[in-house]
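# Structural overview
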Amino acid sequence: MANFQYYTAETLEKLKAELHHLKIQGRSDMAKQIAEARDKGDLSENAEYDAAKDAQGHLELKISKMETVISNARVLDESTIDVTKVSIYSIVKIKNTKTGMEVTYTIVSEEEADLRAGKISVSSPFGKGLLGKQVGEKAEIQAPAGTMEFEVMSLAR
């Protein structure tokens, strides 16, 4: 069963460009590495050849995974999203009700998540806990340190 992921048109184009690069340039580079290693002699005792073949397997696996991601990708029509509730691509400012600490996150797809950039996955515990909440509502989120409570302070797109 397909597991659809939603992306902006820009992000989907970046994924397609990366896949194209891996298929064209990545495979070409890998073929050169294998040919160079093959030229170094007996393949049964050639560690460089074995390493190149392993790297080729990893490249093909990455290509296969990216093809699956792209085939299950859907472009998100942002005009149909309810902006009064937290949803994918919402920029949400939350406050820890216990410590008073405020943080701002953008809710994104799993492949786009980058905590350092303030982007959290819609399928993460925080993402799931915040989905559907409105400004002023509280969300209980199960974290490794235990249950934490956050209040939604503001929402933006």
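Read on for an overview of the structure. (Residues numbered from 1 in each chain as written. Predicted model: local features only at pLDDT ≥ 70, side-chain atom pairs only at ≥ 80, totals over all residues. Heavy atoms only, no water.)

## A few points about the pattern of salt bridges
Under the criterion given, the structure shown has five salt bridges. For E102, the salt bridge goes to K93, with nearest N and O atoms at 3.2 Å. By relative accessible area, which is 39% here, E102 ends up partly exposed. According to the relative accessible area criterion, K93 is partly exposed, its value standing at 31%. (Salt bridge = Lys/Arg side-chain N within 4 Å of Asp/Glu carboxyl O. Buried < 20%, exposed > 50% of the residue type's maximum accessible area, 1.4 Å probe, protein only.)

## Description of helix 2 (residues 47–71)
Note that an α-helix has 3.6 residues per turn; residues three or four places apart therefore point the same way. Along its 25 residues, helix 2 runs 36 Å from first to last C-alpha, staying within 8% of the 36 Å computed at 1.5 Å per residue. Here helix 2 has its buried residues at Y49, A52, L59, I63, M66 and I70. Against the buried residues of helix 2 lie helix 1 (9–38) and strand 2 (73–75). (Helix = DSSP H or I, 4+ residues; strand = E, 2+ residues; numbered from the N terminus. Expected span 1.5 Å × (residues − 1). Contact = heavy atoms within 4.5 Å.)

## Some details on the layout of surface pockets
Any space left empty among the atoms is revealed by the rolling of a water-sized probe across them. Computed from the structure, the largest pocket encloses a volume of approximately 240 Å³. In terms of lining, the largest pocket is formed by 13 residues, of which the most central are T8, T11, K14, E112 and K119. Looking at the lining of the largest pocket, the elements with two or more residues in it are helix 1 and strand 4 (102–108). The residue makeup of the lining of the largest pocket, split by class, is three nonpolar, three polar and seven charged. (1 Å grid on protein atoms, 1.4 Å probe; cavity = no way out; pocket = protein on both sides within 12 Å on 5 of 7 lines; lining within 4 Å. Points joined across faces, edges and corners; volume = space filled by probe spheres on them. Nonpolar A, V, L, I, M, F, W, Y, C, P; charged D, E, K, R; others polar.)

Honestly, that's just the spatial picture; any functional story needs more than this.
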